[in-house]
Amino acid sequence: MPLKRTMVYAEADDLAVIKDAASRSDASEAEIIREAIHLAAMRLRRRSEPLRLRRFASGDPTLAARTEEILAEDGAA
């Protein structure tokens, strides 16, 4: 994917940390910044999307009340 140029303002302390991290690794300062932007964007995207959990119907109306008992039987509790 082609890169686009943008301007980002950062605090001097943060830039010093990025510079130090780049000098200790094979990554450039720009790579570290791009990765941080990507991770932050993905984290925010995940928070705004619904969880898409499937519903489960066991057919046992006492299942929730017996959870601890069931886990103890399996050795999980």
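See above for the structure.
For clarity, every value in this text was computed on a predicted model and none was experimentally measured.

A.B. asks: Even after reading the chapter, I still don't get the overall build of the protein chain, so can you show me in this structure?
C.D. replies: The helix and strand inventory of the protein chain stands at three helices and zero strands. Reading the protein chain from its N end, one meets helices and strands in the order α-α-α. Rg of the C-alpha trace for the protein chain: 23 Å, well past the compact-globule value of 11 Å for 77 residues, more than 25% over. A principal-axis box enclosing the C-alpha atoms of the protein chain has dimensions of 60 × 25 × 25 Å. With 77 residues in all, the protein chain has 3% of them scored as buried. When the accessible area of the protein chain is evaluated, it comes to approximately 7,700 Å², of which 56% is carbon and sulfur surface. Between the mean site of the 13 positive side-chain charges and the mean site of the 14 negative ones, the protein chain shows a separation of 11 Å.

A.B. asks: Help me understand helix 3 (residues 67-74) in this model?
C.D. replies: One full turn of an α-helix is made of 3.6 residues, so residues set three or four places apart face in the same direction. For helix 3, the buried fraction is low: zero of the eight residues fall into the buried class. Just past helix 3, the residue G75 takes up positive phi, approximately 80°.

Rules of the game
- Residues numbered from 1 in each chain as written.
- Predicted model: local features only at pLDDT ≥ 70, side-chain atom pairs only at ≥ 80, totals over all residues.
- Heavy atoms only, no water.
- Helix = DSSP H or I, 4+ residues; strand = E, 2+ residues; numbered from the N terminus.
- Rg over C-alpha atoms; globule rule 2.2 N^0.38 Å.
- Buried < 20%, exposed > 50% of the residue type's maximum accessible area, 1.4 Å probe, protein only.
- Areas by Shrake-Rupley, 256 points an atom, 1.4 Å probe, with all protein chains shown as cover.
- Lys, Arg positive; Asp, Glu negative; His and termini not counted.
- Charge placed at Lys NZ, Arg CZ, Asp CG, Glu CD.

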